[in-house]
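One-letter residues, chain by chain:
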Amino acid sequence: INWYPGHMVKARREIEENIKLVDIVLMLLDARAPLSCRNPDLEKIVSRKKLIFILNKMDLAAPAATRQHQKMLQQDGYSVVAMDSSSGKGAKDVVQAIKDAYAEQADRLVQKGRRVRSPRVMVVGVPNVGKSTFLNCLVGQKIARTGAKPGITRGKQWIRVREDVEFMDTPGLMWPKVEDVEQGLKLALLDIVGENAYSEEEVALYLIRTLQEKAPQVIFTKYKVEVGQQSEQEILAAIAQKRGYLNKGGIPDSEKTCHLLLQDYRRGNLGKISLD
Ligand code: GDP
């Protein structure tokens, strides 16, 4: 998605409208770079509701970094749950966090002598953070569409999940607030911002830099390239050589090699490496 003002206005309005229909907002962040996925302006819109941060794709993130992010966000007063939507790890914690967040509101309803209905929840997040996968994971086999409720839901579909939680079936699309070049590169590496904004080569060189810093051994174990004092470009060329990714005349095919690197990182083939 290439965000331009028209899109942003429409997406923001959609979130504003839908937020009115729910009790709780689950904001998915990529566990590898949760802070980079945030957007304080959009968080302000949802702050009237209970907000729970989900650090999704925890299976791809460095566990110590995830624990640290969790602690940091909790210290800021947020409810935070780490989740792997591809395996379902953390799903129980998510349901519990929703119940906890709803408890106060449920108590108030009881005190007023009103019926306590199921909590209604909306999932929001930047592109590719795993919103659809997360929803499918929580809903699982127990999918039960409660149907559009005219006048109340304006055509929205609600999906009832285990333990009486209702999810809005369409997640809300957010965009990150990009403050600097490095954050942009992280988001590009995570496939959250499109390649129109960054070239694959730029992102791959950033990845090599990150690996040099955080996990230099991976460059050797994965690509059989010894890392010493070379530049990122030299490492890229060496990886191309080892792989036999060469153009006519034996020139390293940098395009193909960059693509390989990005794919390997995104799929978790390089191990659990966090960026924030
Ligand atoms: P959306 O654009 O936010 O709805 O994201 P999708 O649900 O389409 O997911 C984007 C990609 O991330 C897909 O290839 C998913 O399989 C993958 N994905 C989603 N959640 C997880 C997760 O927790 N772990 C891993 N490893 N992959 C995930």
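Conventions adopted
- For every chain, the first residue of the written sequence is number 1, and numbering continues from 1 onward in sequence order.
- Reporting of local features is limited, given that this is a predicted model, to residues whose pLDDT is at least 70; pairs of side-chain atoms are given and counted only at 80 or more, and all residues count toward the totals for whole chains, interfaces and linings.
- Derived side-chain values reflect all non-hydrogen atoms in the structure, with water molecules and hydrogen atoms excluded from consideration.
- Secondary structure elements follow DSSP: runs of H or I of four or more residues count as helices, runs of E of two or more count as strands, with numbering from the N terminus.
- When a residue's accessible area, from a 1.4 Å probe over protein chains only, is under 20% of the maximum for its type it is buried; when over 50% it is exposed; and in between it is partly exposed.
- Note on contacts: a residue pair is in contact if any heavy atoms of the two residues lie within 4.5 Å.
- As used throughout, the charge tally considers Lys and Arg to be positive and Asp and Glu to be negative, leaving His and the chain termini uncounted.
- By convention, the charge on Lys lies at NZ, on Arg at CZ, on Asp at CG and on Glu at CD.
- The definition of a nonpolar core used throughout is a set of buried Ala, Val, Leu, Ile, Met, Phe, Trp, Tyr and Cys residues joined through side-chain atoms within 4.5 Å.
- Segmentation into domains, and thus their bounds, comes from an automatic or database assignment.
- By convention in these notes, a residue is near a molecule or strand provided one of its non-hydrogen atoms lies within 4 Å of it.
- Contacts described as polar in this section are N or O atom pairs within 3.5 Å, which, within protein, must combine one atom able to donate a hydrogen with one able to accept it, while residues neighboring in sequence count only if both atoms come from side chains.
- The accessible surface values rely on the Shrake-Rupley method and a 1.4 Å probe; as for residues, cover is taken only from the protein chains in view.
- Axes here mean lines fitted to C-alpha atoms, for a helix over just the part in contact, with angles spanning 0 to 180 degrees between N-to-C directions.
- Orientation categories follow fixed angle ranges, with anything under 35 degrees roughly parallel, anything over 145 roughly antiparallel, 65 to 115 roughly perpendicular, and all other angles oblique.
- Polar here means any residue outside two lists: the nonpolar Ala, Val, Leu, Ile, Met, Phe, Trp, Tyr, Cys and Pro, and the charged Asp, Glu, Lys and Arg; Gly therefore counts as polar.
- Two rings belonging to Phe, Tyr or Trp (six-membered ring only in the last case) form a pair when the distance between their centres is within 6.5 Å. Interplanar angles under 30 degrees mark stacking, angles over 60 mark edge-to-face geometry, and anything in between is tilted.
- Here, a charge over a ring is recorded when the distance from Lys NZ or Arg CZ to the ring centre is within 6 Å and its angle to the ring normal is within 35 degrees.
- We count a salt bridge whenever a side-chain nitrogen from Lys or Arg sits within 4 Å of a carboxyl oxygen from Asp or Glu.

A. Quick look at the overall build of the chain. Within the chain one finds ten helices and seven strands. C-alpha extents for the chain along the principal axes are approximately 80 × 40 × 35 Å. Taking all 276 residues of the chain together, 48% fall into the buried category. Residue pairs at least 24 apart in sequence account for 67% of intrachain contacts in the chain once pairs closer than 6 positions are excluded. Of the side chains in the chain, 43 bear a positive and 34 a negative charge, and the two mean positions are spaced by 7 Å.

B. Local environment of the nonpolar core. Among the nonpolar cores identified, the biggest contains 89 residues, and Leu-26, Ile-52, Ile-54, Val-94, Ile-98, Phe-134 and Phe-167 are the most heavily contacted of them. When residues of this core are assigned to their parent elements, the largest contribution, nine residues, is made by helix α4 (residues 91-111). In this structure, this core is formed jointly by two domains, domain 1 (5-173) and domain 2 (199-266), each of which donates at least three residues. Among all residues touching Phe-134, those that are not within four sequence positions of it are Leu-26, Leu-28, Ile-54, Met-83, Ser-85, Val-94, Val-123 and Phe-167.

C. Spatial organisation of the site of the ligand. Lining the immediate environment of the ligand, one finds 14 residues, of which Asp-59, Ser-85, Lys-131, Ser-132 and Thr-133 sit closest. One nitrogen or oxygen atom from the side chain of Lys-57 is found 3.0 Å from an oxygen atom belonging to the ligand. The side chain of Asp-59 places a nitrogen or oxygen atom 2.6 Å from a nitrogen atom of the ligand. Relative to its free-state accessible area of 580 Å², the ligand is covered by the protein chains to the extent of 69%. Sorting elements by how many residues they give to the shell around the ligand places helix α5 (residues 131-139) first, with three residues.

D. Structural context of the packing of helix α6 (residues 181-189) against helix α7 (residues 200-214). The N-to-C vectors of α6 and α7 enclose an angle of 100°; their axes lie 9 Å apart at closest approach. The pairing of α6 with α7 is recorded here as roughly perpendicular in orientation. Residues Glu-182, Leu-185, Lys-186, Ala-188 and Leu-189 of α6 pack against Glu-202, Val-203, Tyr-206, Leu-207 and Arg-209 of α7. A class-by-class count of the residues in the contact of α6 with α7 yields six nonpolar, no polar and four charged.

E. How the structure looks around unusual backbone geometry. With a phi close to 60°, Lys-57 is a non-glycine residue in the positive phi region. Along the chain, Lys-57 falls in the loop between β2 (50-56) and α3 (63-75). The partly exposed category is assigned to Lys-57, whose relative accessible area is 21%. Unlike most non-glycine residues, Asn-128 shows phi in positive territory, near 70°. Residue placement: Asn-128 occurs in the loop between β4 (120-125) and α5.

F. Geometry of the packing of aromatic side chains. This structure, assessed with the given rule, holds two aromatic pairs. Measuring from ring centre to ring centre gives 6.5 Å for Phe-134 and Phe-167, while their planes differ by 65°; the resulting arrangement is edge-to-face. Separated by 33 residues along the polypeptide, Phe-134 in helix α5 and Phe-167 in strand β6 (residues 165-168) bring together distant segments of the chain. You'll find Phe-134 and Phe-167 in the same group, each marked buried. Residue placement shows Arg-120 over the ring face of Trp-158; its charged tip is 5.3 Å from the ring centre. Residue placement shows Lys-224 over the ring face of Phe-220; its charged tip is 5.8 Å from the ring centre.

G. Looking closely at the pattern of salt bridges. Taken as a whole, this structure holds twelve salt bridges when the rule is applied. Of the charged contacts in the structure, one is a salt bridge between Glu-14 and Lys-10, with a shortest N-O distance of 3.8 Å. You can see Glu-14 and its partner Lys-10 sitting in helix α1 (residues 5-19), four residues apart, about one turn around the helix. Looking at Glu-14, the relative accessible area reads 44%, which means it is partly exposed. With a shortest N-O distance of 2.9 Å, Asp-23 and Arg-117 are connected by a salt bridge. Residue Asp-23 is located in the loop between α1 and β1 (24-30), and its partner Arg-117 is located in the loop between α4 and β4; the two are separated by 94 residues in the primary sequence. Note on Asp-23: relative accessible area 7%, which makes it buried. Residue classification places Arg-117 among the partly exposed positions, given a relative accessible area of 28%. When salt bridges with common partners are traced through the structure, they connect Lys-50, Glu-104 and Arg-108 into a single cluster.

H. A look at the side chain of Ser-36. Within the element layout of this structure, Ser-36 appears in the loop between β1 and α2 (40-46). Accessibility expressed as a relative area gives 5% for Ser-36, which makes it buried. The contact partners of Ser-36, leaving out residues within four places of it in the chain, are Pro-176, Gln-183, Lys-186, Leu-187 and Asp-276.

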